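Residue-level structure breakdown
So you can see what is in the structure, the chains are spelled out below.
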Amino acid sequence: MLRPVPSPVLRIPLCLYLLVLVSIGITSVAYSQLPAITFETISSKDGLPGNTVLSAVRDKAGFMWFGTRQHVVRYDGATFKSFTEPETSFVTGLAADANNDVWLSSDRNGLCVIRHDTQAMECFPQTPQLTDLETTGYFFLDRHRQGWFSDRDGVNRIDLATGKRRHYTLRKSTYVWMKAIFTEDSDGNLWVVGRDNGLFRFDRGRDTLTCVLGADCTQAPGNEPMLFASACAGADGMLWLGSYNNGLIRYDTRRNTWRQFFTGRRSNQVNSVACGSDENGRPIVWVGDNQGLGVFRQDQEKFYFFPGILPHAYEVNYIYRDPENGIVWTCTSEGIIKYNPESNLVRTLLLPPGLVSFPVTINTVVTDPHDSTRVYLGLSHTGMICWDRRKNDFTLVRYPAESADTRWMIARTDGRVWIGTNRWDYRRPGILVYDTHRKKFTTTPLSQQANRYYSVPFFMYGEFDTRHRLWIGNSDEGIHGVDSRTLQDITPWDTASQRALLHNNNLINDLCFGPDGRLWLGTMQGIYYGDTVSQTFVPADPAGIAARIHDLSVNTLLHDRQGNLWAARWGSLTCLSPAGAMVTVLTTRDGFVDRQIEGLAEDHAGNIWAGNYEGLYCYHAASGNLKRFTTNDGLISNNTLGHVFTSPSGRELYIGQQNGVNLIDASHLLRPTAQATLGISSFKVHEQERAVDLQQAIRLQPEENAFSVDFIALNYRKQHDNVYAYYLEGFEKDWNHSGAQHLAYYTNLSPGRYTLRLKAGDVLGHWSSAVSSIQIEVLPAYYETAWFRTLVVLAVSGLLYGLYRYRINQLLRLQHVRNRISADLHDELGSSLSGISIMGALAKKDLPESHPSASFVERMVEEVQQMSSSLDDIVWNISPRNDALSSLVARMTRYASELFEARQIHYTITVPEHFDNVRLSMEQRRNFYLIFKESVNNLIKYARCRHATVHIAVEKKKLSMTIADDGIGFDPAAAHGRNGLLNLRQRANSLNGTLHIASARGQGTSLQLEFPIG
């Protein structure tokens, strides 16, 4: 959590106030001080395994690593990931090598390394027995890629590439913990800082350690006993050494000289040091002892410690300053203290105690038009403060009455500051004029005239127009204008007009002049402007605005440089164009936490800043986004209502607060966020974390098609300062904007190759140009693979071919049977019938016609001949050689031709030209032929016709036949007592066809048959 800057002590670089008494004409006091900074604290409540943190390092991917009393953890700015196996404990040293493998020294298993690709930890204990413990500490990696670590007997060097080790024994002493720590100076020399043995220079050529300072040195004056705790390397070959008994020691490696600096604290102890620079680029040393954190200013040779970061004393174990981003991570007995320069863009200026009675609120801020370093702060009581920014001096200028509450201030070019107040003692004057040249209050004819207005001296609003006329306002008594030359009241609106405006408690909350000189009023019922022609007040809110906002009440008005009119209202921030159209409406849906919005200012870039009960808001003109700043960003208080002001250039903002003021460099605060490294915190499949190598494509099994990726900007800014977007190429077409949420989740993905795109930006719409990509392949199930599909196709094809061959064989066997039956019927039964017919014919020939048996013999011969004909039809129909339609049509043609010619009937037979490929089943052929045969026989027997036609056609997989004659006809509906017509219809039904007979007596007969084929 972020800790607000405590009052009254400031943070950096000065924590003690310097009091200077100055006499400047009127009774006044001047003070000097420097701005404060804020810290963020991280503890076990935020995910640390324990509050005792011993070491820290940032790897090349951007992740922070911390060694704790329990084990090592990785931190991405939001969550911690613990590495508990193998057991480590008391991780006092961390370093990341060129491969981004993280090395650590442990209390349980010696030297360990966490591999960057698998995130698995390996340990290399050098003990005779596996059950023995090896205690190591303070791992350090030098620029030659050699690892150094300490044990109870001395120090060790390890070649990370080969694993070869070299031990350097240090003199045994009463100190029984890890013997040394390590650092490397700006000249590339490695230094071994022995706890009670002394400071040693490593001679790389001779592979030896030489003591230069401390107990093990052989020559004075460097052989004084010292107990070293920590070290860091500064510029120009300087080493800064923290000690347990001698404060801070500066050692010049080039001149072999040293100097002590006492902390001024009881223990004179410095546990940890880190070299850095202050807000102005001057070198400082961060120091930590057994009571807290501070800095040592090298130019002043003074220590400054930060009280109030934590509610009670804490011990600093290690300080790590990131060389890339300047973030300082302080490892303590109560968690981690983080100082991020990018989180300290909102500066705090606290009023010195004793300058004015607390509490006091800075209500107004104006800058001297002739000297931009002189700023006037209007207070809620007592007076105003003149702040000299060059000297950082504060001078209290007391009002004639301390009960005066400053409401507005105008710094004029003539050196006078006009001040409007609410006099709570109800005594005039309420308008004050301060002469900055003479350093005193004065009364002018104009102020004297203006002070006569209103029943009580409450001058809530004041403004000079372009003609230097003073306009003043009171919420419930209206407005007045006074000409500065004639001292005449120039108000164009009479009392009746103003009463009409103020009717029904329509209080005036603000007034301002537009670019065209028109007076605008913000009231409880909305925006009005004063019409000088009609001498009335005209409502300016456009029609239909009530449908967009629920409350028209206006607290503050502001004309921007484009001529737009902004209104801070209850529940909304609105903007009217010069034409009167409502172009912008921002409400709680857009980010306002509290409905009360009051106080407006425009910066140099056209951004609109608005005060709110729950923070400071900025409407970013370029992106249209609304950004909120709170105490987490450095504000003294979230309540910024009515206290938002800008410098004349618009580049700096002043936020009036209780007992102080916040200063904001708008151009710096709103600049695009530096390109942040995007880290992949975790990759989970079905909510189970998986170690993956992001340099390779991630392959997922078919049942693993649900995964999530936690990604985050590793800039360690406040989480709400970053926004994220992602999309899965191959599945989506556009980015998913997830706001501050940094988890991408996908499920039920089809097999295929995908690319997950990830990016980060800030809340003002500045997106990083660097887009991270993760290649992901979801493997198909075996039944979705090409080989399986090929196998299935081959199997189905084989099955179909087998069925086809089986069918062909069946047809061939059936054809063989049909051929055999046809041959047997023809050869055996046909020859027998032929023999009977011949014998019957011979018997008939030898019998006289009068013989009684002659008629029987003749009938027998006819029946045999009919049976022989039927048998011939059956044999012909069974024979496979006649399956083609062409064979059937040829037989039908021969049959009809013989009968028509025998009866001397003219006939026409029409058949298709191309029907060789049309085949009929045996059943179709039989029924079709019998219908034809029966129809022709009936025509021959009963039609008595002279002409007959037979038409056979094949169209659209249908076979049709028409038989027509010009005979005597008949009535198809009449009962005939014969089965012929019934048999015809039954056979047509068997063919799934239709049979239509059209006939009338004397008009011939037409029979039409149609049935499907193929």
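Below, the structure is looked at part by part. (Residues numbered from 1 in each chain as written. Predicted model: local features only at pLDDT ≥ 70, side-chain atom pairs only at ≥ 80, totals over all residues. Heavy atoms only, no water.)

Here's the deal with the overall build of the chain
When helices and strands are tallied, the chain shows eight helices and 72 strands. Here the chain holds 1014 residues, and 51% of them are scored as buried. A fraction of 51% describes how many contacts in the chain between residues 6 or more apart in sequence connect residues 24 or more apart. For the chain, the accessible surface area stands at approximately 48,200 Å², while carbon and sulfur atoms represent 49% of it. (Helix = DSSP H or I, 4+ residues; strand = E, 2+ residues; numbered from the N terminus. Buried < 20%, exposed > 50% of the residue type's maximum accessible area, 1.4 Å probe, protein only. Contact = heavy atoms within 4.5 Å. Areas by Shrake-Rupley, 256 points an atom, 1.4 Å probe, with all protein chains shown as cover.)

A closer look at the packing of helix α6 (residues 885-902) against helix α7 (residues 922-943)
At a closest axis distance of 11 Å, the pairing of α6 and α7 adopts a crossing angle of 10°. Our classification of the angle between α6 and α7 gives roughly parallel. Contacts from L888, R891, M892, Y895, A896, L899 and F900 in α6 reach R925, F928, Y929, F932, K933, V936, N937, L939 and I940 in α7. Residue composition of the contact of α6 with α7, grouped by class: 12 nonpolar, one polar and three charged. (Axes fitted to C-alpha atoms, helices over the stretch in contact; angles between N-to-C directions. Parallel < 35°, antiparallel > 145°, perpendicular 65-115°, else oblique. Nonpolar A, V, L, I, M, F, W, Y, C, P; charged D, E, K, R; others polar.)

A short note on the nonpolar core
W65, F66, V72, W329, F707 and L758 are the most contacted members of the largest nonpolar core, which totals 54 residues. Here this core gets five residues from one element, more than from any other, and that element is strand β62 (residues 707-713). Aside from chain neighbours lying at most four places away, what touches W329 is I42, M64, F66, Y75, Y318, I319, Y320, I336, I337, K338 and Y716. In terms of nonpolar packing, the next biggest core, distinct from the first, is built from 36 residues, F932, I952, L995 and F1011 among them. (Core = buried A, V, L, I, M, F, W, Y, C linked by side-chain atoms within 4.5 Å.)

Considering the packing of aromatic side chains
On inspection of all chains with the given rule, the structure shows 53 aromatic pairs. Relative to W735, the ring of Y727 has its centre 4.8 Å away and its plane inclined at 75°; by these criteria the two rings are edge-to-face. Taken together, F683, F707, F711, Y724, Y726, F731 and Y746 form an aromatic cluster joined through their ring pairs. Residue placement shows R74 over the ring face of F63; its charged tip is 4.1 Å from the ring centre. Looking at K759, its charged tip hangs above the ring of W735, at a distance of 4.4 Å from the centre. (Phe/Tyr/Trp six-rings, centres within 6.5 Å; stacked < 30°, edge-to-face > 60°. Lys NZ or Arg CZ within 6 Å of the ring centre and 35° of its normal.)

Focus on helix α2 (residues 495-502)
For α2, the set of buried residues is S497, Q498, L501 and L502. Angular distribution of buried residues about the axis of α2 spans 130°; they occupy a single face of the element. Exposed positions of α2 whose direction lies more than 90 degrees from the buried face are T495, A496, R499 and A500. For α2, the elements touching its buried residues are β43 (478-482), β44 (508-513), β45 (519-523), β46 (526-531) and β47 (536-539). Count one or two residues on from α2 and you reach N504, which has phi positive near 60°. (Arc of directions from axis to C-beta.)

What to know about the sheet that holds strand β53 (residues 608-612)
The four strands are arranged β52-β53-β54-β55 in an open sheet whose pairing can be described as antiparallel. The open sheet has two free edges, formed respectively by β52 (597-602) and β55 (625-629), since each of these has just one partner strand. Mean inter-strand twist for the sheet, computed between neighbouring axes without regard to direction, equals 25°. In this structure, β53 lies alongside strand β54 (residues 615-620), joined through five bridges in antiparallel fashion. Looking across to β54, one finds that G611 is bridged to L616. (Pairing = 2+ DSSP bridges.)

Observations concerning the sheet that holds β46
Strand pairing in a sheet relies on backbone hydrogen bonds, with the paired strands running either antiparallel or parallel. Within the open sheet, the four strands sit side by side as β44-β45-β46-β47. Their pairing is antiparallel. The outermost strands of the open sheet, each flanked by one partner alone, are β44 and β47. Strand-to-strand twist of the sheet, defined as the mean angle between neighbouring strand axes without regard to direction, takes the value 30°. With five bridges connecting them, β44 and β45 associate as antiparallel partners. When the bridges of β45 are listed, D510 appears paired with G522. Against the sheet, α2 engages β44, β45, β46 and β47, with an angle of about 30° to β47.

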